[in-house]
Amino acid sequence: MEARGIIERVTKAPEWISGMSAVPKGKNDFRLVVNMRAPNKAIKREYYRMPLIDEMRVKLHGAKYFTKLDLSNAYYHLELCKESRELTTFLSENGMFRFTRLMFGVNCAPEIFQREMCRLLEGIDNVIVYIDDILIHADTLEKLRNITSQVLKILRVNNLTLNEDKCEFEKHFIIFLGHGLNESGFHVDEAKVKAIRQFRPPANVSELKSFLGLASYVSTHIKDFANISSTLWAVTTSKGWYWGPTQLAAFETIKDRITQLHESLEASPRIISFASKALTDTEKRCAQNQREALATVWAVEHFSFFLLGRHFTLRTDAQGVTFILNRSRENSKRALTRADGWALRLSPYDYNVEYIRGRDNIADPPSRLYTGNDDPFDEKHSPWEIAALEANSVGFLTIKELQEETALDATLQRVIDALETDVWPKELKRFESVANDLSVDDGIIVKNGCVVVPLKLREKTLDLAHDGHPMVAKLKSILRERVWWPGIASDAEKWVKSCQTCETNGRPEKPTPMKGILAPQAVWETIGLDFNGPYARFGGVSILLIVEYRSRFLIARLVKSTNFHQTISVLEEVFAREGFPKCIRSDNGPPFNGEEYKTYCAERAIETIFSTPLFPQQNGLVEIYMKLVNKAMASAVSNGSCYKQELQSAINAHNAAAHSVTGLPPEEVMLGRKIKRKLPLLRYEKTKYDEELLNCRGEMEKMKAKNGKTQEEEHENVAYFLETQSLLSDLYVQKGTVGLIRRNIR
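All chains use their own residue numbering, which begins from 1 and follows the written sequence. Confidence filtering applies because this is a predicted model: local features only for residues at pLDDT of at least 70, side-chain atom pairs given and counted only at 80 or more, and all residues used for totals across whole chains, interfaces and linings. Working from all heavy atoms in the structure, the side-chain values ignore hydrogens and water.

**Q** So what exactly am I meant to see when it comes to the environment of Pro348 here?
**A** Every helix listed is a DSSP run of H or I at least four residues long, and every strand listed is a run of E at least two residues long, numbered separately from the N terminus. Here Pro348 shows up in the loop between helix 14 (338-344) and strand 14 (350-355). If near-sequence neighbours (up to four positions away) are discounted, Pro348 is found in contact with Phe104, Gly105, Val106, Asn107 and Pro110. When checking whether two residues touch, look at their non-hydrogen atoms; a contact exists if any pair is within 4.5 Å.

Listed below in structure tokens is the structure:
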């Protein structure tokens, strides 16, 4: 903003100073908001009348074609005189600054901008201006194009820019100031009565009284209201609650009459519009004062077309909101809570807050009876943002820019003179030490193929090179390939240290030493479980990863849900083949934190070990293999291949390769044999089991030769042989060798 001339640095003590707050904007961004509460009290408002809907109806009579223009960064087009700039002074970590342009937060900004836009477009017929929105209308397409051309010419001469994404040209139907508009005139937006239409029937006396309070407020405009509502009032005065077809019919009739009243008497001095918002699950978890503040800010911004540039009264039954919006303290301090940050969004509005009791609040029934599924409170895009800048729009460092700034840099000009005369002043000592590497090329100083950056462009150069937030070593490497200036290394170190993202998410501190876990004595004695996902790109599927601690053998299974029943169905399939382990290690997330999981493991004599919350290192053997899973899923996205095949291929590759710790492939340790994969396997190595099986066969042959063979003996020998074969599933690994679990065989 300083580089674009929107703000300027303040070097002397000002009479006015305000606090600056960084208010969250969506998930990964923020906006800078100056708390102008105190200066706004001292600013004398320059009242300029905003256009009314009724006035627009008259002007739009006969219009058939419409064009709507939207100005980008509207307020920043107006420059503040130097005497007024001091009022906008604010304090930041880098010192004091003040605005050189009209800012959104000054309470008289809407009227000032409206006045200037009307002055610019004065004399052009069929044009309606509402702050940064310009509506052009005509009865013929040719006339509309002619007027549009005149307006665009005036905007171009006065350096006003448009937001192309929000502009609409030559339309038969258009949305303007929240109203549908065509040749028939303005139309009531269905959203204005949506809250009433979505009312559900009351479920108790309190909700019924709330609804009747709203209905009574407009009862003078509802025909036969007393007769229709009598059956409902009877319920409120009875001892018990009852609700039947008669009450439901009366409720629906009154609801329909209210919506019809709105459609026929839109200009009524009573209720102009209804609006309700259902909170999302995330918003419901906010503190009560934050939910109340959210409702207030959302409502004011929702009706911003009616309220900007006008004084209005905001009535609420939440005393916390009246405290947040009315308090006079902290005029020059940072906002303390999220609710305070939201409240700062209302700085441009001229209003007073009035507390009323809940039973007198006609907004109560929409909050009780409204059944909607609405979008979350939009912190990223708001209707009040008439002037905004992208924080990361740094751009590029061009050769022309380097040439221009080099010509203006006094130090570099003296370096050029010294290179020509070979006379080096003392203050150029750092340049003199590398004089043999310096040269001048088309107005730019070059050092061994690297551009010597002028002082004014060094901060921009560091910002561009730090794209992606490389740490110090990598940033230095990026810089030394292209640019140079004295002290570039130390400047790079300071830049990384000043970066909040790098400080927060950079190289972690040395972790606290952890006690190692001894390897289990046998295969499948201890296993680890964890989930990865869900992956929205692949239909919300998650991955259950199972790690065998002795062999490091991996098993991955795709699941649609991480609930207990889905997880157990996968484990049962694995346990049916491998048997129950002695111990399972996992985190505390679902489904491992419920009683069902504990009961399941206790019934099967399985010990459960849980890692400490927010300390996944305790289940690190599973966590480390999540990188392998993520890489496989990312490969499926980049290659456009089947994610199931990519995942299984990654698991097979891990199991078939010798592990760095055990020195053996996990599948060989787990299964006791080599597995034939895509590469040829010339021979199969014998295990101790093979030797014992041969011995069993030898014993059988001796028995047959010695005693003869009856049919009954043959059956017993066959059973003995089959029992011996079943020992294949009982192999285990101990100290790197294959052993055998012996059974008592009849």
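**Q** Is there a simple way to think about the sheet that holds strand 18 (residues 483-484) in this case?
**A** Strands in a sheet are paired, the pairing made by backbone hydrogen bonds, and the direction either parallel or antiparallel. One bridge is not enough; two strands pair if DSSP finds at least two bridges between them. Taking strand neighbours across the sheet as the criterion, the four strands line up as 15-16-17-18 in an open arrangement whose pairing is mixed. Strands at the two margins of the open sheet, each flanked by one partner only, are strand 15 (438-441) and strand 18. As judged from the four bridges shared by strand 15 and strand 16 (residues 444-447), these two strands associate in the antiparallel manner. The residue of strand 16 that forms the bridge with Val440 is Ile445.

**Q** Sorry, what's going on with a negative patch on the surface here?
**A** A patch consists of residues exposed above 30% relative accessible area that lack any salt bridge, with like charges linked at up to 9 Å and nonpolar side chains (Val, Leu, Ile, Met, Phe, Trp, Tyr) linked at up to 5 Å. Computed by Shrake-Rupley with a 1.4 Å probe, the accessible areas treat only the displayed protein chains as cover when residues are assessed. Salt bridges, as used here, are contacts in which a Lys or Arg side-chain nitrogen is within 4 Å of a carboxyl oxygen on Asp or Glu. Positive: Lys, Arg. Negative: Asp, Glu. His and the chain ends are not part of the count. For this purpose, a charge sits on NZ of Lys, CZ of Arg, CG of Asp or CD of Glu. On the surface, Glu2, Glu459, Asp463 and Asp467 cluster together to form a negatively charged patch. Within the secondary structure, Asp463 sits in helix 19 (residues 458-465). Throughout this description, buried means an accessible area under 20% of the type-specific maximum (1.4 Å probe, protein chains only), exposed means over 50%, and partly exposed covers the range between. The class of Asp463 is partly exposed, set by a relative accessible area of 32%.

**Q** Honestly, the packing of helix 19 against helix 20 (residues 472-480) in this entry has me stumped. Any pointers?
**A** A pair of packed helices is characterised by two quantities: the angle between their axes and the separation of those axes. Here, axes are lines fitted to C-alpha atoms. For helices the fit covers the stretch in contact, and angles between N-to-C directions go from 0 to 180 degrees. For the pair helix 19 and helix 20, the least separation of the axes is 10 Å and the interaxial angle reads 115 degrees. Crossing of helix 19 against helix 20: the hand is right-handed. Across the interface between the two elements, Thr461, Leu462 and Ala465 from helix 19 touch Leu475, Ile478 and Leu479 from helix 20. Any residue that is not Ala, Val, Leu, Ile, Met, Phe, Trp, Tyr, Cys, Pro, Asp, Glu, Lys or Arg is counted as polar, Gly included; the first ten are nonpolar and the last four charged. Counted by class, the contact of helix 19 with helix 20 contains five nonpolar, one polar and no charged residues. Handedness of a crossing follows from how the near helix is turned relative to the far one, being left-handed for an anticlockwise turn of less than a right angle and right-handed for a clockwise one.

**Q** Please explain the pattern of salt bridges as it appears in this structure.
**A** Oppositely charged side chains are able to pair whenever their charged atoms sit close together. This model, assessed by the stated rule, comprises 18 salt bridges. Residue Glu79 is joined to Arg85 by a salt bridge in which the shortest nitrogen-to-oxygen separation is 2.9 Å. Look at Glu79 and you get exposed, because its relative accessible area is 56%. Judged by its relative accessible area of 7%, Arg85 is buried. A salt bridge links Arg414 to Glu427; its shortest N-O distance comes to 2.4 Å. Within this pair, whereas Arg414 is found in helix 17 (residues 410-421), its partner Glu427 is found in the loop between helix 17 and helix 18 (429-432), the two being separated by 13 residues in sequence. A relative accessible area of 51% means that Glu427 is categorised as exposed. Each of Glu8, Glu79, Arg85 and Arg98 takes part in salt bridges that share partners, so that together they form one network.

**Q** Is there a simple way to explain the sheet that holds strand 4 (residues 65-70) in this structure?
**A** Reading across from one edge, 7-8-4-9 is the order of the four strands in this open sheet, with antiparallel pairing throughout. The open sheet is flanked by strand 7 (127-130) and strand 9 (168-171), the only strands paired with a single partner. Each adjacent strand pair in this sheet contributes to an overall mean axis angle of 15 degrees, direction not counted. By the bridge criterion, six bridges tie strand 4 to strand 8 (residues 133-138) in an arrangement that is antiparallel. The residue of strand 8 that forms the bridge with Thr67 is Ile136. Its contacts with the sheet place helix 5 (residues 141-157) against strand 4, strand 7, strand 8 and strand 9, and it is angled at close to 150 degrees to strand 8.

**Q** Explanation requested: helix 8 (residues 225-237) in the structure shown.
**A** Turn by turn, an α-helix covers 3.6 residues, leaving residues three or four places apart pointing in a common direction. Here helix 8 contains 13 residues, and its C-alpha end-to-end distance of 18 Å stays within 8% of the 18 Å for a straight helix at 1.5 Å per residue. Bend, at a single residue, is the angle you get between axes fitted to the 7 residues ending at that residue and the 7 residues starting at it. At Thr231, helix 8 shows its maximal kink, close to 40 degrees. Residue count minus one, scaled by 1.5 Å, sets the expected span of a helix.

**Q** Would you take a moment to explain the environment of Leu141 for this structure?
**A** Summarising the element assignment, Leu141 is placed in helix 5. Residue classification places Leu141 among the partly exposed positions, given a relative accessible area of 27%. Distance from Leu141 to Lys64, taken between C-alpha atoms, is 8.4 Å for residues 77 residues apart in sequence. Discounting chain neighbours no more than four positions away, the residues touching Leu141 are Tyr65 and Glu170.

**Q** Would you mind showing me how to read helix 17 here?
**A** For helix 17, built from 12 residues, the straight-helix expectation of 16 Å at 1.5 Å per residue is met to within 8% by its first-to-last C-alpha distance of 17 Å. Among the residues of helix 17, Leu412, Val415, Ile416 and Ala418 are the ones counted as buried. For helix 17, the angular spread of buried residues about the axis comes to 160 degrees, placing them on one side. Residues of helix 17 that are exposed and point more than 90 degrees away from the buried face comprise Ala410 and Glu420. Looking at the buried residues of helix 17, the elements they touch are helix 16 (399-408), helix 18, strand 15, strand 16 and strand 17 (450-452). Within 3.5 Å is the distance limit for a polar contact, defined as a pair of N or O atoms, with the added protein rule that one can donate a hydrogen and the other accept it, and that residues adjacent in sequence qualify only through two side-chain atoms. Where helix 17 begins, one side-chain oxygen reaches toward the backbone nitrogen of Thr411, 3.0 Å away; that side chain belongs to Asp409. Starting at the helix axis, one direction is taken to each C-beta atom, and the arc is that of these directions.

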